[in-house]
Amino acid sequence: MAPAEILSGKIVSGQVRDRLKQQVVEMTEKFPGFRPGLAILQVGNRDDSNLYINMKLKAAAEIGISANHIKLPNTATEADVLKCIASLNADPAVHGFIVQLPLDSNKPINTEKITNAVAPEKDVDGLSSINAGKLSRGDLGDCFIPCTPKGCMELIRQTGVQVAGKRAVVIGRSKIVGAPMHDLLLWNNATVTTCHSKTSTLAEEVGKADILVVAAGRAEMVKGEWIKPGAIVIDCGINHVPDSTKPSGKRVVGDVAYSSAKEKASFITPVPGGVGPMTVAMLMQSTVESAQRFLEKFQPGKWTIQYNQLTLQMPVPSDIEISKSYMPKPIEQVAKEVGLFPDEVELYGQTKAKVQLSALKRLQNQPDGKYVVVTGITPTPLGEGKSTTTVGLVQALGAHLHQNVFACVRQPSQGPTFGIKGGAAGGGYCQVVPMEEFNLHLTGDIHAITAANNLVAAAIDARIFHELTQSDQALYNRLVPSINGVRKFSDIQIRRLQKLGINKTDPMALTKEEINAFVRLDIDPGTITWQRVLDTNDRFLRKITIGQSVTEKGFSRTAQFDITVSSEIMAVLALADGLDDMKKRFGRMVVASSKKGQPVTADDLGVTGALAVLMKDAVKPNLMQTLEGTPVFVHAGPFANIAHGNSSVLADKIALKLVGKDGFVVTEAGFGADIGMEKFFNIKCRYSGLRPHVVVLVATVRALKMHGGGPAVTAGVPLPKEYTEENLQLVAKGCSNLNKQIQNARMFGVPVVVAVNAFKTDTKAELALVVQHAKEAGAFDAVECTHWAEGGKGALALARAVQRASQAPSNFRFLYNVELPVVDKIRLIAQQVYGAKDIELLPEAQEKVAVYTKQGFGNLPICMAKTHLSLSHDPEQKGAPTGFVLPIRDIRASVGAGFLYPLVGTMSTMPGLPTRPCFYDIDLDSVSGEVNGLF
């Protein structure tokens, strides 16, 4: 018979590499920024290991695989190796991971323990017991196969001979080649016999083989005359035998006597150049396969999510009773369901977690989902249920319509939680849970803001004190001290020098004049706008005197405490698009003016870096969930009057990437559309670059009745009959406010869906009248909602309306150009959004316009600080008043956050406690540890 056809591993492996290279190109085109990742862990410095590793690194580079060689010294202990393996297991950029054997350590290391520590889904060498077990059971599609047997099978396929039904013999039983080769042939439907060095009838068994795979490790053990004519022979052996004709004095041979065997076989692999090149190619193939599995599993926007079934009760129990009656999913599970990687999630117990900003970087090339903002008519003491509607809408979209959807909401202040308002987790069967975690400390972000804010306040007064009590030289010696004979400026001091136009880095080189400019901030105490904060309602801190201790040497001044959520640091957190941006915004925060009228910033105080350190965890969004198991980001909670009243840009951006292009992100703007929504558009969207698709405007029949002239309501007193009985006239009159807020939303070019949040006292005629008015006013749609009592099911009509509206054209536009003069921007908001005839700037406001324009802040957006209880400045004017002149009492600057905020009337920034605060009902069960009485 004709000599055997040569199965060249070099040729086949080249074909495999070309195919893999194309697959990687297609993968990176489909998922920009993604590359398959291979990690090779080596212990010690064996020459043969170095050679093999270099071959693998070269092949990976050729194909486009990102390969990382981790080399531990030969002094590494088993614990060191296991620690390194754990790190690589958790690294989402590593898809294939091998431990180079043997382990060259002078410490005892259990090799099997090491190989089994590699995560099975990354074990591209196929050496772990889990992968071996799956192979032995025939789970070929759910395991990795050791590279040499895998390469052998690829060479057998190249022959075109069907494996099924053939008799195969494997010589060798090692875990790396022989045993897995047996299983692989068996599950490809061959009849397999395994032989080894102790097999007494070896020649006889070989003679029966249609397919022969030899991995015995003995030079030319299998003789040509043993081989069945026409057999396929795969020789895995690499042996060195003496050969005086070779410069090295030896040559490489296989386990098969090649010269005689090729005369009997139909196909045969040479040594070298046969199986060897295939092993590296198969390692690369397994790595690419692992990357493909990873993408399939973690494909952005492809969620497999478990929703919770609600068991509705009538009458509806209290919020905390409902919250306690449902067991939230482990937050780790929620994170996995929405496509977050383990290393992107920091667990804070079982029900909340922080999400690393690295998730946004990983997803930066993914398309955004649909962006929905929930707002409302002008608020009344009766409540409109914006938070409840936000949660109900996401539960409907997610748990009922099976859309990818995220809610992004503000973190509530603890002040109102213990005061009069209560929490902000939603209500009824539409809540963020656990609601006690949501409404109390959460992950400590507000406490971090309190600490950071008060550090700035302390720095201001300390600097004034030290400048008043020390000479220039004494200040300089303390600000730039000599340490071990060396004086050095800190980085933030270098920035101050550059700001002053002093381009020197040697502290000894400054002139007396330069030292004076450097050490003297010369703060004018009368211009300090930075206040201390506390996250507790405390009316007696609204005006205080500080510096009364004798140690302050008589340098006292009048000051105040604000509630923490009114701090500019909170606004910065909400508007920053990353850690670096947050740090820069901190540095720009203006805390006062100098006596020469120059702005004094946090950077001038030298505190910027310390603020970033205090806020480094707070910048990460908090992950929670709704009652029905849909994901929620809870992050930032700026006041909606003196600040912009919206949750963080970062949470929205991460959520929009996670939901994918067909998903939805629903966020909520504080107070009515004239305040929170206007600021969402003109401030938040301006800085974030995000463009909204839909506005959901929440209204209630009873709130519209109040806007129509209904009587005042008093807490703790039964509602007047106007609110509990049908009164179409009051509803129709009150719809003037609804109409105006619809116009306000449409002014920005975004479709509006009105959600009529139904109460049990509403009649069908009243609800129908509101829907009719909304549609006549230009709403895309208006629907009745019963989500408070029914959960997501009660918001299905709203969800479907939002889906349709998101497909409609959205011609989003800002109300004003920031380059307009400050007064013109204020006037546009007052006239277009509020319905004012004009504005009136009081003397203090006029002065601030001039100061801020001179200081270079005139091109910042405007954040109106106005009562939320009316479109006008008068909280008693309900409906849609017109013809009024809006008085601007003062203007202040949040330069770090990035806006000017005109004060319309008197704004309280520190709430007080009522006669009967909520804390009377709040208690802790000392046995179960459960919170009671929280709403």
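Data block above holds the structure.
Calculation criteria
Residues numbered from 1 in each chain as written. Predicted model: local features only at pLDDT ≥ 70, side-chain atom pairs only at ≥ 80, totals over all residues. Heavy atoms only, no water. Pairing = 2+ DSSP bridges. Helix = DSSP H or I, 4+ residues; strand = E, 2+ residues; numbered from the N terminus. Right-handed = clockwise from strand over helix to strand, strands pointing away. Axes fitted to C-alpha atoms, helices over the stretch in contact; angles between N-to-C directions. Parallel < 35°, antiparallel > 145°, perpendicular 65-115°, else oblique. Left-handed = near helix turned anticlockwise from the far one by under 90°. Contact = heavy atoms within 4.5 Å. Nonpolar A, V, L, I, M, F, W, Y, C, P; charged D, E, K, R; others polar. Buried < 20%, exposed > 50% of the residue type's maximum accessible area, 1.4 Å probe, protein only. Arc of directions from axis to C-beta. Phe/Tyr/Trp six-rings, centres within 6.5 Å; stacked < 30°, edge-to-face > 60°. Lys NZ or Arg CZ within 6 Å of the ring centre and 35° of its normal. Disulfide = S-S within 2.5 Å.

Novice: Break down the pairing of strand 6 (residues 191–195) for me, with residues and values.
Specialist: In this structure, strand 5 (residues 167–171) lies alongside strand 6, joined through five bridges in parallel fashion. Of the residues in strand 6, the one forming a bridge with Arg167 is Thr191. As for the winding sense of the linkage, the β-α-β connection from strand 5 through helix 7 (residues 178–186) to strand 6 is right-handed.

Novice: Any chance you could break down the packing of helix 18 (residues 472–479) against helix 20 (residues 512–519) for me, citing the residues and the numbers?
Specialist: The N-to-C vectors of helix 18 and helix 20 enclose an angle of 65°; their axes lie 9 Å apart at closest approach. Taken together, helix 18 and helix 20 sit at an angle that is classed as roughly perpendicular. In the crossing of helix 18 with helix 20, the sense of the turn from one axis to the other is left-handed. For the pair helix 18 and helix 20, contact is made by Asp472, Gln473, Leu475, Tyr476 and Leu479 and by Ile515, Asn516, Phe518 and Val519, respectively. Of the residues that constitute the contact of helix 18 with helix 20, the class distribution is six nonpolar, two polar and one charged.

Novice: Outline the pairing of strand 27 (residues 631–634), supporting the account with residue identities and numerical values.
Specialist: Every second residue of strand 27 is oriented toward a common face, with Pro631 and Phe633 on one face and Val632 and Val634 on the other, all of them buried. Looking at chain direction, strand 15 (residues 405–409) and strand 27 are connected through three bridges and run parallel. Across the sheet, the residue bridging to Val409 is Val634, located in strand 27. Note that strand 26 (residues 622–626) and strand 27 share four bridges and pair antiparallel. Counterpart to Leu623 in the pairing with strand 27 is Phe633. Taken together, strand 26 and the strand that follows it, strand 27, pair antiparallel across an intervening segment of four residues, in which Gly629 is found at a positive phi of about 90°.

Novice: Any chance you could break down helix 20 for me, citing the residues and the numbers?
Specialist: Of all the positions in helix 20, only Glu514, Ile515, Phe518 and Val519 are classed as buried. All buried residues of helix 20 project into a common sector of 120° when viewed along the axis, lining one side. Opposite the buried face of helix 20, by more than 90 degrees, sit the exposed residues Lys512 and Glu513. Where helix 20 is buried, its residues contact helix 17 (445–469), helix 18 and helix 19 (491–499).

Novice: Tell me about the packing of aromatic side chains, and name the residues and values.
Specialist: Applying the stated criterion across every chain, the model contains 18 aromatic pairs. With a centroid separation of 6.5 Å and an interplanar angle of 70°, the aromatic rings of Phe899 and Tyr901 are classed as edge-to-face. Accessibility classification places Phe899 together with Tyr901 in one group, the buried group. By the ring-pair criterion, three or more aromatic residues cluster together here, those being Tyr371, Phe680, Phe681, Phe748, Phe812 and Phe814. If you follow Arg585 out to its NZ or CZ, it ends over the ring of Tyr687, 4.8 Å from the centre.

Novice: Any details on the sheet that holds strand 3 (residues 66–72)? Residues and values, ideally.
Specialist: Strand order in the open sheet made by the three strands is 3-2-4, with parallel pairing throughout. Each end of this open sheet is capped by a strand with a single partner; those strands are strand 3 and strand 4 (96–99). Ignoring strand direction, the axes of neighbouring strands in this sheet form an average angle of 15°. In this sheet, strand 4 lies alongside strand 2 (residues 37–43) in parallel orientation, the contact comprising four bridges. By the bridge assignment for strand 4, Leu38 is matched with Gly96. Sheet strands touched by helix 2 (residues 47–63): strand 2, strand 3 and strand 4. Its angle to strand 2, the strand with the most contacts, is close to 170°.

Novice: Any details on the state of the cysteines? Residues and values, ideally.
Specialist: Applying the stated criterion across every chain yields a total of zero disulfides. Of all cysteine sulfurs in the structure, the one in Cys147 sits closest to Cys143, which takes part in no disulfide; the separation is 12 Å.

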